[in-house]
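So you can see what is in the structure, the chains are spelled out below.
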Amino acid sequence: MPATALDPRTALVLIDLQKGIVGLPTVHSSAEVVERGARLAAAFRAKDLPVVLVNVAGRAPGRTEMPQPDRELPADWAELVPDLDRQPGDITVTKQQWGAFHGTNLDLELRRRGVTQIVLAGIATSIGVESTARAAHEHGYHVTVATDAVTDMNADAHHNSLERIFPMLGETDTTDAIVKLLG
């Protein structure tokens, strides 16, 4: 279903568009996802709406069946890509797990600004983006996902999120359509 509206106080939340993530092999071009994320950020800034840049600098503790790499990450792994044109008024959130709400000040930052809706984009669709969308929905925010501004390392997981999960959490549409809704 296409996005029908954006609330007057909608924030853009860009997930994990950082040096260590954009270089991973993905279903769709990471460069295109970054370009669309940057375009959304410029459009939100032009309307004086909040832009949140999220990066991940760790991982949640706990056992998993899938082996977790135990390697030293490059020093710039968590740095946001410069293409996002980070501005002084942008909100930055560093997380230690998949979702951007748990263990961070994201909800507080959004509520202080009167935000009632978020637009999500970033990498990976089924991990950081989906986890953040689920938490946003649970926190009572309207959620819109920019479908052409997300990608994943796994095609099946990417399509599952887009086709089955996001429609239950909010609305989905393209970058162009979302920019048009901004007016």
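Everything below is about the structure shown above.
Structure report, in brief. (Residues numbered from 1 in each chain as written. Predicted model: local features only at pLDDT ≥ 70, side-chain atom pairs only at ≥ 80, totals over all residues. Heavy atoms only, no water.)

Further remarks concern helix H6 (residues 175-182). Those residues of H6 lying buried are Thr175, Ile178 and Leu182. Along the axis of H6, the buried positions cluster into a sector of 65 degrees, meaning they face one direction only. If you follow the buried residues of H6, they end up packed against helix H2 (30-46), strand E4 (117-123), strand E5 (142-151) and strand E6 (171-173). (Buried < 20%, exposed > 50% of the residue type's maximum accessible area, 1.4 Å probe, protein only. Helix = DSSP H or I, 4+ residues; strand = E, 2+ residues; numbered from the N terminus. Arc of directions from axis to C-beta. Contact = heavy atoms within 4.5 Å.)

Looking now at the nonpolar core. Membership of the largest hydrophobic core comes to 27 residues, with the highest contact counts inside it found for Leu12, Leu14, Leu17, Leu40, Phe44, Leu84 and Ile178. Looking at this core, the elements with two or more residues in it are strand E1 (10-15), H2, strand E2 (51-56), E4, E5 and H6. Looking at this core, the element that brings in the most residues is H2, giving six residues. Non-local contacts of Leu17, meaning those with residues more than four positions away in its chain, are made with Val22, Val33, Val34, Val54, Leu80, Val81, Leu84, Gly122 and Ile123. (Core = buried A, V, L, I, M, F, W, Y, C linked by side-chain atoms within 4.5 Å.)

Structural measurements only, silent on function.
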